[in-house]
Structures are given as C-alpha cells and as structure tokens.
Amino acid sequence: MNSPEPAGTSAHAPDTTSTGRTSSRIIRSASDIHSVLAEFGSQGTKTKAVIILALGGIFMDAYDFSSLAFGITAIKEQFGLSGFMTGLVNASIMVGAVIGALFGGYLVDRFGRYKLFMADMVFFVVAAIGCALAPNEWVLIFFRFVMGIGVGLDLPVAMAFLAEFSKLKGKGNRSQRVNAWSPAWYIATGIGYLVVLIIFISLPYDQHAILWRLVVGFGAVPALVVLLVRRRYLAESPEWLANQGDLRAAVDVMRSHHNLDVKLAAEVDGAKTAAPEVDRQTSTPGRGGKWSGFAELFAPQYRVRTIVALCVSVFSTFGYNAVAYGTPLIITTLFHQTPLVTIIASLVINLGFGAVGGLLGMSIVNRFGTRRITLVGFVIQAVALALLALVGIPSGALVLVSVAMLAAFVFAQAGGPGANLMNYATLSYPTRLRGIGIGFNQSVLRAFSIVSLIMFPILAGSMGTGVFWVVACAPLAGAIAVGIVKWDPTAKDVEEEI
C-alpha cells in the first residue's frame, strides 16, 4: 500500500505516527478525514473504477437524453404529432429530471451517495424498454418522464462521487474529475449516433420506422451492466460518512477503496461518534440532508455562488438544447439535408468536436480556471450562432460553413460552460450541501430546458434560421453574468470556510 507522507504543519492536519517505513494518518474528527482527502484524494485501481462508474451514470444520462434526437422526426410522422406535442415528447424527460434532481439532491445528502447511486439505474433500464415498446405518444411521454427521474437522481450523486473521491489540487483533482462529465456526455451522444448509423445501414429501408425504438431500447443494455458492476466496486463517500459521525466506516472506506494509510485514533475507535450540529474546528454545521439546506443556498455566504451557477447552467443549457440536442432537426429541416448526412454530421460533431472540446477543457481548467474558460466558451458560442443566423439556409459550400459553426458551438460548450456548469454547481458548496446544491441547480436547469425543448421546434418552424438570433441571446447573457461575478470554484477548499 502506498502511504501518504505527513501533512506538515497544517492547522487541521491529523497527527501521524511512524510504523516502520510508512506513516499512518491518525483520524480523530471529520476535519481530519477532509484534510487527508483534500491532500491525497483517492489512489489505486478501485478509485479508477469509482470514477468510471460515476461517469458511466453520466454516459447513460447522455445516451437516454439524446437517443430520441434523431428519431423525433419519425416519431412525429408515426404518431401524427403537432409541433407542440413534438416538443412535449422531447421535454417530458426534463419534467421527470426536475423532480428527480430536486428530491435526489436532498436524498443524496440525507441518506448517502451509495444507496441512491444503486437505485437510479433501475429507472434507466425500465424506462428504456418502456419507451421502445410505446404504442402511442402518451405512453412514450410517460416512460420518458420515468427516464427523466433517473437522470435527475443520477447527476447529483455522480457529481458528489467525482468531487469527494478526488484531491483538491494537482493531477486528477476535483475540478478535472468533475469536468470529466463533459467528454463522457459527448462520447455517449456520439456513440448514440453511431448506434443509429449502424442500425440505419443494417435495417431494410421499409423498416426504418422502428429505428428509433431499437436505438432507445438499446439503452437498457449498458444501464443493466452499470447497475451490476456498481454493486461490486462502489462504496460510500468517506466525507459523507464523516459528516454523519461514522468515522469508523469512513476510515474503512479510505483504506479499502482509497488506498490510504489511515487509522482511527484509539480514543475514538469503537466509540459511537455523534455527528455534531456544529463542527468544532470550522464552526459550520456538520450534518447535511435537511430541507433547510435549500434556503441556505441563498444565505449570504453562498448566494452569489448559487446565482452565478444558475446563470451558467440555464444559459448554456438553453443553447445546448436548441443547437446540440437539436442538431438532427437543424440539419434535416433547416439545412435541408438527407437522413444519412444528418446522422454522419451529428456523429462527427459530437465525437469529433464535443468529446475533444470536453477533454481540452479538462486539461486546461487548472491553468486558466473555471471562470475564464466559461467566459471564453460563451463568447465563441454567441459568435457561432450569429454567423448561423447570417448565413441562413445554406447551399453549396455554405453548408460546410454552417455545419462548422454547429461544431464550433458544441466544441465551446463541451470545453467551456457546458463542462463548467457542473464545477460551479458541485464545488461551490461543502459536502453537507453538495447534493442539495447540485440538485437545486439541476432542477432549475431542467425547468428552463422544458421551455427551450418545447419552444425551439415551434420557433424553428416559424422563424427558420432566424431562430439562431434568439438562441444567441443565451450565451451572450451567460458571458455577461460570468464577467460580472468573480467567483471561481477551481481549487477552492469550501470545507474549510467559516
């Protein structure tokens, strides 16, 4: 076992004791747990498994969210849907996600990360099968709603795991691992279009009407795999356990899953440690999972952070829903391209530009910070949308220009505001508020997503490519908000704040 060296003279560092060639950290309080994790994070193969499984949940979120994007045109024709009903089918997953995120954020702080992480995959499996077999639009809407509940539940716990299994600074820190949700999202979206392409080519032309059903139903397979593997590798977050007063369990997880040489102090080993309402060292409440936590998000200490996190989430997601999620609709309807061109273009945009943009954002967040990257991303998006509006319906070489602008938008989203919205929502709050902070942020984000998913097909139908002028207002507003508010959560130790 690789053992960390003593923490030196830090005021909150736990004591150390020599044990031959190694040194063990002596744990006496929740602050000691936090101090070790902030400095060393988690190490070893089990840590990689936890990170992959957390991202596996994000993968399923993205796949299920985007799996209907290409098929929405076929669904509209198959069920004879109006523009409003088409938007409602799209938005139903968001309605479920609002509810799932709002309650999921509370539940993950109240009952722990592990239990919720195991439960939410069930929603994905059931909903994927239900959507694939839906006989009409109302059954489809219902199971999309159930799928949304799973998405809403999964994001707060996945982000909490990524943050709480990572160190504060250095390679593999919290900002980088939380940002990893972005490339995972676009890889999943790209794989979704790859599945579409394979089935599109394999199916006889007269059976293309069931293409969307096969793509959506396929989502149950990886969801079931993730559910089964999670049972083997996952463990509860030590920071959450420590906040509940269970130092013994926290130390056990740090030794078994984090590969850290820690030991519970003799005076507390075997004793039942109560979770204090106020931490003795930081003077902040220790136990989370209270409904009052929602109000605390707007207390003076967190109010500005909550507002800027909401601005980044709402404005970036409005553009994403219109452009990235709506890419097949844009290419087919507004650019007048064939289904095969639509599939290939969507695949290239998400894998070639979304995933690469997300990976780039991860690699530079430590150097430039969350705020600066988010600001630059918003500006690029606003320019790309303005050019799309100016080009209008493209023809000839202008088709490539317009597709390139879609790609630039997705690239900037994946590496900028789209990635960093999770940094703002996850790393602005301590462990006891993290789930509620993420859940509240996601519920508001999804509520605005409902509006954009319903309105974009209607606006696109009435305004054509002029709709891009409307969408461009979102990243412009986001850039203004981030430019005004100076808060940057990168490498900030919010646990130590008073």
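Values in this document were obtained by computation on a predicted structure and should not be read as measured data.

K.L.:
Can you help me understand helix H9 (residues 211-218) in this one?
P.N.:
Spacing of three or four residues puts side chains on the same side of an α-helix, whose turn is 3.6 residues. Counted residue by residue, H9 has six buried out of eight residues, so it is predominantly covered. Taken together, the buried positions of H9 are occupied by Leu211, Trp212, Arg213, Val215, Val216 and Gly217. The inward-facing, buried residues of H9 abut helix H2 (45-66), helix H3 (72-79), helix H5 (113-132), helix H6 (137-164), helix H8 (181-202) and helix H10 (220-233).

K.L.:
Is there a simple way to think about the packing of helix H17 (residues 370-391) against helix H18 (residues 397-415) in this case?
P.N.:
One way to put it is that H17 packs onto H18 with a least axis distance of 8 Å and a crossing angle of 160°. Between H17 and H18, the crossing angle belongs to the class labelled roughly antiparallel. Like other packed secondary-structure pairs, H17 and H18 cross with a definite hand, here left-handed. Residue-level inspection shows Ile373, Gly377, Ile380, Gln381, Ala384, Leu385, Leu387, Leu388 and Val391 of H17 in contact with H18, the latter providing Leu398, Val401, Ser402, Met405, Leu406, Ala408, Phe409, Ala412, Gln413 and Gly415. The class makeup of the residues in the contact of H17 with H18 is 14 nonpolar, five polar and no charged.

K.L.:
Where do I start with helix H4 (residues 83-111) in this structure?
P.N.:
For H4, with 29 residues, the first-to-last C-alpha span of 41 Å sits near the 42 Å given by 1.5 Å per residue. Its axis deflected by about 40° at Ala91, H4 carries its strongest bend there. Following H4 by one or two positions, Gly112 has its phi on the positive side, about 105°.

K.L.:
Honestly, empty space enclosed by the protein in this entry has me stumped. Any pointers?
P.N.:
The gaps of empty space that remain are located by a probe, the size of a water molecule, rolled over the atoms. What the rule picks out here adds up to five cavities of 30 Å³ or more. By volume, the second largest cavity is sized at about 170 Å³. Put simply, the parts of the chain that give the lining of the second largest cavity at least two residues each are H8, helix H14 (303-323), H18, helix H19 (417-427) and helix H20 (431-463). Tallied by class, the residues present in the lining of the second largest cavity amount to eleven nonpolar, six polar and one charged.

K.L.:
Could you clarify how one ought to interpret the environment of Ala97 in this entry?
P.N.:
Among the structural elements, Ala97 can be located in helix H4. The class for Ala97 is buried, based on a relative accessible area of 1%. Distance from Ala97 to Val151, taken between C-alpha atoms, is 5.7 Å for residues 54 residues apart in sequence. Beyond its immediate stretch of four places on either side in the chain, Ala97 contacts Gly148, Ile149, Gly152 and Arg446.

K.L.:
I'm lost on the confidence of the model for the protein in this one. Help?
P.N.:
Interpreting fine coordinate detail is not advised for predicted regions of low pLDDT. Looking at the protein as a whole, the pLDDT averages 81, with 87% of positions reaching at least 70. In this model residues 16-22 is a low-confidence stretch, pLDDT under 50, and it forms eleven contacts with partners more than four residues away in sequence or in other chains. Counted against residues more than four places away or in other chains, residues 274-285, with its pLDDT under 50, gives 33 contacts.

K.L.:
Which parts of the structure should I look at to understand the packing of H18 against H19?
P.N.:
The axes of two packed helices give the description: the angle between them and the distance between them. Packing of H18 against H19 brings their axes to within 3 Å, and their N-to-C directions diverge by 20°. Classified by the angle between their axes, H18 and H19 sit roughly parallel to one another. Counting all contacts with H18, which are made through Ala412, Gln413, Ala414 and Gly415, the residues of H19 involved are Pro417, Gly418, Ala419 and Asn420. Across the contact of H18 with H19, the residue classes break down as four nonpolar, four polar and no charged.

K.L.:
What's the story with the pattern of salt bridges in this structure? I'm lost.
P.N.:
Close approach of charged atoms allows side chains with opposite charge to pair. If you walk through the whole model with that rule in mind, you get nine salt bridges. The partner of Arg113 in a salt bridge is Asp109, and the shortest N-O contact between them spans 3.0 Å. Each member of the pair, Arg113 as well as Asp109, is classed as buried. The salt bridge partner of Glu495 is Arg434, with a shortest N-O separation of 3.8 Å.

K.L.:
I would appreciate a short explanation of the side chain of Asn423 in the present structure.
P.N.:
Along the chain, Asn423 falls in helix H19. Judged by its relative accessible area of 0%, Asn423 falls in the buried class.

K.L.:
Can you walk me through the packing of aromatic side chains in this structure?
P.N.:
Two numbers describe a pair of aromatic rings. These are the distance of the centres and the angle of the planes. Evaluation of the coordinates by the stated rule reveals nine aromatic pairs. Measuring from centroid to centroid gives 5.8 Å for Tyr302 and Tyr429, while their planes differ by 55°, and the two rings are tilted. Here Tyr302 is found in the loop between helix H13 (292-296) and H14, whereas its partner Tyr429 is found in the loop between H19 and H20, with 127 residues between them in sequence. One exposure class covers both Tyr302 and Tyr429, and it is buried. Ring pairing ties together the aromatic residues Trp181, Trp185, Tyr186 and Tyr320, which thus form one cluster. Its end group placed over the ring of Trp487, Arg305 keeps NZ or CZ at 4.0 Å from the ring centre.

What counts and what doesn't
- The numbers attached to residues start from 1 for each chain and follow its sequence in the written order.
- Only residues with pLDDT of at least 70 get local features here, since the model is predicted, and only at 80 or more are side-chain atom pairs given and counted; chain-wide, interface and lining totals rely on the full set of residues.
- Only heavy atoms go into the side-chain values, all of them from the structure, while hydrogens and water stay out.
- When accessible area is computed with a 1.4 Å probe and restricted to protein chains, residues below 20% of their type maximum are described as buried, those above 50% as exposed, and intermediate ones as partly exposed.
- Numbered from the N terminus, helices here are DSSP runs of H or I no shorter than four residues, and strands are runs of E no shorter than two.
- We call two residues in contact whenever any of their non-hydrogen atoms come within 4.5 Å of each other.
- Angles here are taken between N-to-C directions and fall from 0 to 180 degrees, while the axes themselves are lines fitted to C-alpha atoms, restricted in helices to the stretch in contact.
- Throughout, the term roughly parallel applies to angles under 35 degrees, roughly antiparallel to angles over 145, roughly perpendicular to angles from 65 to 115, and oblique to all others.
- Should the near helix be turned anticlockwise from the far one by less than a right angle, the crossing is termed left-handed; should it be turned clockwise, right-handed.
- Gly is placed with the polar residues, together with every amino acid not listed as nonpolar (Ala, Val, Leu, Ile, Met, Phe, Trp, Tyr, Cys and Pro) or charged (Asp, Glu, Lys and Arg).
- The length a helix should cover is 1.5 Å for every residue beyond the first.
- Two axes define the bend at a residue: one fitted to the seven residues ending there, one fitted to the seven starting there, and the bend is the angle between them.
- Throughout, the protein atoms alone are placed on a 1 Å grid, and a set of points is a cavity if a 1.4 Å probe fits but cannot get out or a pocket if it is open with protein on both sides within 12 Å along at least five of seven lines; lining residues have an atom within 4 Å of a point.
- Grid points are joined across faces, edges and corners, and a volume is the space filled by probe spheres set on the points.
- The predictor reports its confidence for every residue as pLDDT, a score running from 0 up to 100.
- In the sections that follow, a salt bridge refers to a side-chain nitrogen of Lys or Arg positioned within 4 Å of a carboxyl oxygen of Asp or Glu.
- Aromatic pairing here means that ring centres of Phe, Tyr or Trp (its six-membered ring) are within 6.5 Å. Orientation follows from the plane angle: under 30 degrees is stacked, over 60 is edge-to-face, and everything else is tilted.
- Charge-over-ring placement is defined geometrically: NZ (Lys) or CZ (Arg) within 6 Å of the ring centre, and within 35 degrees of the ring normal.

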